[in-house]
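Coordinate inspection notes
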Amino acid sequence: MRKWFLIGSVFILFGCKPDNKVYTLEPPLILGLASPIQLDLQSTRVVLEDYVLDPSRLDSITTDGPFNLKTEHSILTITGRPMQELYNLTFWAEGVGESVLLKRTRKTLYSFLYASDGTDKKVMIKGEFNAWNPNNTILEKTDSSFTTYELLSPGTYQYLYVVDGKEMLDPQNPDSISNGMGGWNSVINIPGPDPKTVPTIKADRYTTGSIFFMSNNSVSGLYAYWNNTLIPNDFIRFNDDEILVLIPGNAAEVKRSKIRLWAYNEEGVSNDVMIPLHQGKVLTSSDELNRFDNEAMVMYFLMVDRFNNGNPSNDKPLNIPEVHPKADYFGGDLTGITQKIQEGYFQDLGTNTIWLSPITQNPEGAFGKYPEPETSFSAYHGYWPISNVRVDHRFGTDEEFRTLVDKAHDSDMNVLLDYVANHVHEQHPIYQQNPDWATNLYLPDGSLNTERWDDHRLTTWFDTFMPTLDLSQMETVDPMTDSAIFWLKEYGIDGFRHDATKHIPEIFWRVLTQKVKKEVVQKTGQPVFQIGETYGSHELIKSYIATGMLDAQFDFNMYDRAVSAFAGNGSLADLANSLRESIKYYGDHNLMGYITGNQDRPRFISYADGSLEFGEDTKYAGWNREISIQDTLAYQKLSALTAYMMSIPGIPCIYYGDEYGSPGGNDPDNRRQMQFENLDKHQLATRERAKKMIEIRKNNLALIYGDTEIVEAGADYLVLSRKYFDNQVISAFNTSEQTLEIEVPMNGKINFYGNLNGEMLKLSPNSFEMITYN
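All figures in this text were calculated on a predicted structure; none of them were measured in a lab.

Below, the discussion takes up the overall build of the protein. Looking only at helices and strands, the protein features 16 helices and 44 strands. For 774 residues, the compact-globule estimate of 2.2 N^0.38 gives 28 Å, and the protein sits close to it at 26 Å. Here the protein holds 774 residues, and the buried ones make up 59% of them. Once local pairs closer than 6 in sequence are excluded, the contacts in the protein between residues at least 24 apart make up 69%.

Here we take up the pattern of salt bridges. With the rule as written, the count across this model stands at 39 salt bridges. By sharing partners, the salt bridges in this structure join Asp418, Arg497, Asp499 and Glu533 into a single network.

Structurally, phenylalanine 465 is set in the loop between helix H6 (429–433) and helix H7 (474–491). Placed 42 residues apart in sequence, phenylalanine 465 and histidine 423 show a C-alpha to C-alpha distance of 10.0 Å. Each residue touching phenylalanine 465, except ones within four places of it in the same chain, is listed here: Phe367, Gly368, Trp384, Val424, His425 and Glu426.

This part is about the nonpolar core. Ranked by size, the top nonpolar core spans 187 residues in total, and within it Ile275 and Tyr644 carry the most contacts. Sorting elements by how many residues they give to this core places helix H14 (residues 633–647) first, with nine residues. The contacts of tyrosine 644, once residues within four sequence positions are left out, are Met558, Phe566, Leu575, Leu579, Leu718, Leu720 and Phe733. One finds Leu58, Ile61, Phe91 and Val100 within the second-largest nonpolar core, a separate group that totals 28 residues.

So, about the packing of H7 against helix H8 (residues 506–524). Pairs of packed helices are described in terms of their axes, by the angle between the two and the distance that separates them. Close contact between H7 and H8 brings their axes to 9 Å; oriented N to C, the two are set at 40°. The angle between H7 and H8 places the two elements in the oblique class. H8 is crossed by H7, and the crossing has right-handed handedness. Along its contact with H7, which presents Met474, Val477, Asp478, Met480, Thr481, Asp482, Ala484, Ile485, Leu488 and Lys489, the element H8 presents Ile507, Phe508, Val511, Leu512, Lys515, Val516, Glu519 and Val520. Among the residues making up the contact of H7 with H8, the classes are represented as 12 nonpolar, one polar and five charged.

Attention shifts here to H14. Taking 1.5 Å of rise per residue, the 15 residues of H14 would be expected to cover 21 Å, and the 21 Å separating its terminal C-alpha atoms lies within 8% of that figure. Across the 15 residues of H14, 14 count as buried, placing the element largely inside the fold.

With an omega of 0°, the peptide bond running from glutamate 26 to proline 27 counts as cis. For glutamate 451, which is not a glycine, the phi torsion comes out positive at approximately 55°. For glutamate 451, the location among the structural elements is in the loop between H6 and H7. The residue asparagine 766 is not glycine, and still its phi comes out positive at about 50°. Tracing the backbone through its elements, the reader meets asparagine 766 in the loop between strand S43 (760–763) and strand S44 (767–773). Judged by relative accessible area, which is 11%, asparagine 766 ranks as buried.

Applying the stated criterion across every chain yields a total of eight cavities of 30 Å³ or more. Its volume calculated, the largest cavity comes out at about 70 Å³. In terms of lining, the largest cavity is formed by Arg291, Phe292, Asn294, Met297, Asn414, Leu416, Asp494, Pro527, Val528 and Phe529.

All right, on to the packing of aromatic side chains then. Across all of its chains, the model carries 48 aromatic pairs by this definition. A centroid spacing of 6.1 Å and a plane angle of 90° characterise the contact between phenylalanine 367 and tryptophan 384, whose relative ring orientation is edge-to-face. Residue phenylalanine 367 is found in strand S30 (residues 367–370), and its partner tryptophan 384 is found in the loop between strand S31 (375–377) and helix H5 (398–410); the two are separated by 17 residues along the sequence. For the pair formed by phenylalanine 367 and tryptophan 384, the shared burial category is buried. By the ring-pair criterion, three or more aromatic residues cluster together here, those being Tyr110, Phe112, Tyr114, Phe129, Phe146, Tyr157, Tyr159 and Tyr161. Sitting above the plane of the tyrosine 380 ring, arginine 306 keeps its charged end 3.9 Å from the centroid. A cation over a ring is seen here: lysine 340 above phenylalanine 676, with NZ or CZ 3.9 Å from the ring centre.

Our next topic: the environment of alanine 565. Mapped onto the elements, alanine 565 comes out in helix H10 (residues 556–567). Classification of alanine 565 by relative accessible area gives buried; the value is 3%. Measuring from C-alpha to C-alpha, the distance between alanine 565 and aspartate 716 comes to 8.2 Å, with 151 residues separating the pair along the chain. Not counting residues up to four positions away in its chain, the partners in contact with alanine 565 are Gly570, Ser571, Leu572, Leu575 and Thr735.

With that settled, consider the sheet that holds S44. In spatial order, the strands read S38-S39-S40-S44; together these four strands make up an open sheet with antiparallel pairing. For this open sheet the edge positions go to strand S38 (707–713) and S44, each flanked by a neighbour on one side alone. Strand-to-strand twist across the sheet, computed as the mean angle between neighbouring axes with direction ignored, equals 15°. The sheet contact formed by strand S40 (residues 727–734) and S44 spans seven bridges and is antiparallel. The residue of S44 that forms the bridge with asparagine 734 is serine 767. In the packing of helix H11 (residues 572–586) onto the sheet, contacts are made with S38, strand S39 (717–724) and S40, and the angle to S38 comes to roughly 155°. Strands S39, S40 and S44 of the sheet are contacted by H14, whose axis makes an angle of about 35° with S44.

Another aspect to go through is the sheet that holds S43. Taken in spatial order, the three strands of this open sheet run S41-S43-S42, and their pairing is antiparallel. Of all the strands in the sheet, the pair left with one neighbour each is strand S41 (740–743) and strand S42 (754–757). The average angle at which neighbouring strand axes cross in this sheet is 25°, direction not considered. Where S41 meets S43, four bridges bridge the pair, whose relative direction is antiparallel. Residue isoleucine 742 lies in a different strand from S43, and its bridge partner there is leucine 761.

On the surface, Leu41, Leu109, Tyr149 and Leu151 cluster together into a nonpolar patch covering about 440 Å² of accessible area. As for its position among the elements, leucine 109 is in strand S10 (residues 108–115).

How each quantity is defined
Numbering of residues starts from 1 in every chain and runs along the sequence as written. Local features are withheld for residues below a pLDDT of 70 in this predicted model, meaning they are given only at 70 or higher, and side-chain atom pairs are given and counted only at 80 or more; totals for whole chains, interfaces and linings count all residues. The basis for the side-chain values is all heavy atoms of the structure; hydrogens and waters are excluded. Numbering of helices and strands starts at the N terminus; helices are DSSP runs of H or I of at least 4 residues and strands are runs of E of at least 2. Throughout, the radius of gyration refers to the C-alpha atoms, and the reference size of a globule is 2.2 Å times the residue count to the power 0.38. Only protein chains enter the accessibility calculation, which uses a 1.4 Å probe. A residue is then buried if its area is under 20% of the maximum for its type, exposed if over 50%, and partly exposed in between. In what follows, a contact means two residues having at least one pair of non-hydrogen atoms within 4.5 Å. By convention in these notes, a salt bridge is any Lys or Arg side-chain nitrogen within 4 Å of a carboxyl oxygen on Asp or Glu. Buried residues of nine kinds, namely Ala, Val, Leu, Ile, Met, Phe, Trp, Tyr and Cys, make up a nonpolar core once their side-chain atoms join them within 4.5 Å. The convention used is that axes are lines fitted to C-alpha atoms, helices contributing only their stretch in contact, and that angles between N-to-C directions extend from 0 to 180 degrees. Put simply, angles under 35 degrees are roughly parallel, angles over 145 are roughly antiparallel, angles from 65 to 115 are roughly perpendicular, and the rest are oblique. With the far helix as reference, a near helix turned anticlockwise by less than a right angle produces a left-handed crossing, and one turned clockwise produces a right-handed crossing. Each residue gets one label: Ala, Val, Leu, Ile, Met, Phe, Trp, Tyr, Cys and Pro are nonpolar, Asp, Glu, Lys and Arg are charged, and the others, such as Gly, are polar. To estimate the expected span of a helix, subtract one from its residue number and multiply by 1.5 Å. Put simply, the grid is 1 Å and covers the protein atoms alone, a cavity is a trapped set of points that fit a 1.4 Å probe, a pocket is an open set with protein on both sides within 12 Å along at least five of seven lines, and lining residues have an atom within 4 Å of a point. Grid points are joined across faces, edges and corners, and a volume is the space filled by probe spheres set on the points. Aromatic rings from Phe, Tyr and Trp, with only the six-membered ring used for Trp, were paired whenever their centres fell within 6.5 Å, and each pair was classed as stacked if the ring planes differed by under 30 degrees, edge-to-face if by over 60, and tilted otherwise. Definition used: whenever NZ (Lys) or CZ (Arg) falls within 6 Å of the ring centre and also within 35 degrees of the ring normal, the charge is taken to sit over that ring. Should DSSP find at least two bridges between two strands, the strands are regarded as paired. Like-charged residues within 9 Å of one another, or nonpolar side chains (Val, Leu, Ile, Met, Phe, Trp, Tyr) within 5 Å, are grouped into patches, provided each residue has over 30% relative accessible area and no salt bridge. Surface accessibility follows the Shrake-Rupley procedure with a 1.4 Å probe radius. Residue values consider only the protein chains on display as shielding.

Here's what the structure looks like:
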C-alpha cells in the first residue's frame, strides 16, 4: 500500500516553500535504519535480503552513481569507478523508493619489505590490520628479501615481524610505539584526507519543521535521509556554510524517526549526523526517551550465578574435591535478579538494560582442567549448553524467568540474553544425535583443533568436550537460529549478546537476523537488539555489523587501549586515535558496546592499583594470589575509565561489581560474589560517582545523539566535546601527576574533580571532569 503526505507550509531562510510529496511503503521494504554500503575497489556484492526482507517485492534498483547494477540469485553486484565520495542506491516497489548510502573506499595497497641476511626461512607479520594473526600475512621470498602487500584504509597501524617464530620490530621502520604492556610495536601511518579540509557538520538550531546545520568547510554535495527515505533536493538548501533540511510532514505520524545526514567535498566525507524526531519534532528532552531508543541504553552485565541468591532451594553446588570452590556454583539465580529489580538497584544506579549470562541448561558434572591449583570446573557460567531452550534448574524456572522479564519491562528496562550458538557441550542432544554436525576436532596434520582462535577461527573447538557446530550448513543453522527465536517469542526478551561471534560463519547471522525481523519485529513492531563478541581487527569486527546481521559488537580494541591509558603507562593521545578509528569504522552514532570490564578479562582496578602487572599470567595470579586493593587511587582511575565510556558514542556497559571496584585476576577471580552491603567508604564513593556519570549520560542528549570532537589530546591529557544543539558536555581527563589547566566555555557545571574559574578549568592529578552546558 502506498501513502503520501503533503509537506506543510514552512518559512525557509532562503525564501522558498517546496510543496513536494513524500511517499512511504507499508510495510516498508527495509526494517530498521539501513547501514551505509562500503564500496570495494573493483566490485561490491550486496546480499539483497540484508536490506530487503522480501526481494520479490522489488520492481527495480537504481543509483545516481556511475555504476552497473546486476542482480542474480538475490545478490546485487555493483561495479564501476566512483568519481565522488558518496552516492545513493534506491530499492523500488510500487513506484516508491527506500534508499541506502554508498561510500567510496579509501583503501590503498601498502608494501612491506623485510631485508634478510639469507638465513631466514619464514617471515610473517602480525598487526592491527590482520587481527594480530601472523598466519594471515606470510611474506613471499624474493632473492634476499621477503615482501607482501596489504590493502589498508587510512589510519595508524601497529605491527611486528615474526621471523622464524621470533617477534621483532621492523628494522626498516624507525617509528615505534609502546604497546602499553612493557613492549614496543612498529607503527605505520596510511595518510588520509586532511581533517582541516573535510566538512564537519554540526546541528546548529531548529524550528518547527526544519533543522539548520553548520559546516566548517565547503560542501560539494550531501545526502539526507528520513529513516530510509532519501530527502528530496527540494527539501534541502545551502547558504554559504549553512545547510537547511526540511522535516517531512509525515514524520508527525511516527512516534520515533530519525534524520541522518552525510556531506562531502573533494577532500573527503563529513561526520555523519543523526537527529531523532519525536512525532515529527526535534527531540529535545531525555524524558521523551524510552527503552526502545538503543542509543540511550546503559547496559549492566551480570553473571547470574554470582549476583544474588534469591531462592536457596535451587542451590546445587557440586561440592566435590575435584572442583575448587571458586569454580563451583555460588547460588545466584533469576529470583535474586528479580528481587534487585524490585528493590530498585538497577534503577538507582541508572542502568536501563540488563545483560544476563547464559541461563540455558548446562551439564551436572565437572569438566576441564587447570594445573595450579589442580581443579576442574562446574558449568556455573552457563557457556556449556546441553539445551538451547530450557532454563537451567539451578537458576530457576520458566515462570521465574518470565517474571524477571516482566518486572524489568515494568521498570522500562530491557533484558538481553547471552546466547551461545557456536558450540555445545558433548552431552547436548544435537551433538549426540548428529555428531557429523560438528567441525573436526583434529586438523589434517593430526594436531588438536582447540583454541585455534585465529588461524582456524571458524572451526576451532574451545575444549575437547565442547564441539563446535558447523554453522556453514543449513541443517545446523536452522535449529540453532530457531532456538534463539524461541526466547524472543516465548519470553519477550529484547535481544541478545552473541557469544564467540567471529567463530561463526556469516550465513548464520544472516539467517538469524532475517528470522528475527520476519517472525518478531515485523509482527510485533518491537525492536530486537543484537550485539556480538569479537576479538580482532576493526575490519573483522565491522564485517559482522550490517543491516542484515548484527547491530553492534563490543569494541575490545578501545577497551584495551583505555586500560593501558588509565591503568598503565599508555598514552591518552593513543586512546584518542582509537576513538578516531572506531568512529571511522563504526560511525559517529554507532551502537558499539564500551565496557568497564567483562568475564574474560582481569578487573581493571587490579591493574590500576598495581596488584596485577601488564604482561603477566593474570589467570594464574587470580588462582594463586589473594588480590585486593593496594592503592586507593585506583578507585579514582576506575571512575575515570567509566567516565570515558560514558562520554563517547556507543553504549556504555558496567560489568557487575565495577560500579564499586571489585578486584580480581582473570577468570574465575574476576567473577567474585556481587557485594551489595558492607562496602567501605572508597567503594561507596566509587559507586556514587558511577551513578552520577550515568545520570549525566541519561540527562544530556549530547552524550546520546551529539556530535563528537576531540578537542585536545596528549600523552597524559584528553579533552572531548559532545554537542547536540545547545546541550554540550565536555569531558576532560588528566593521568599525569601535575595539575592540568584547560580552557573551556564559560558557565558550565562541574560534577567531579574540576575547579572552574571563568573559562579556565583546573584538573587535579589523576582525575577527570564532565562539564555540562544547557
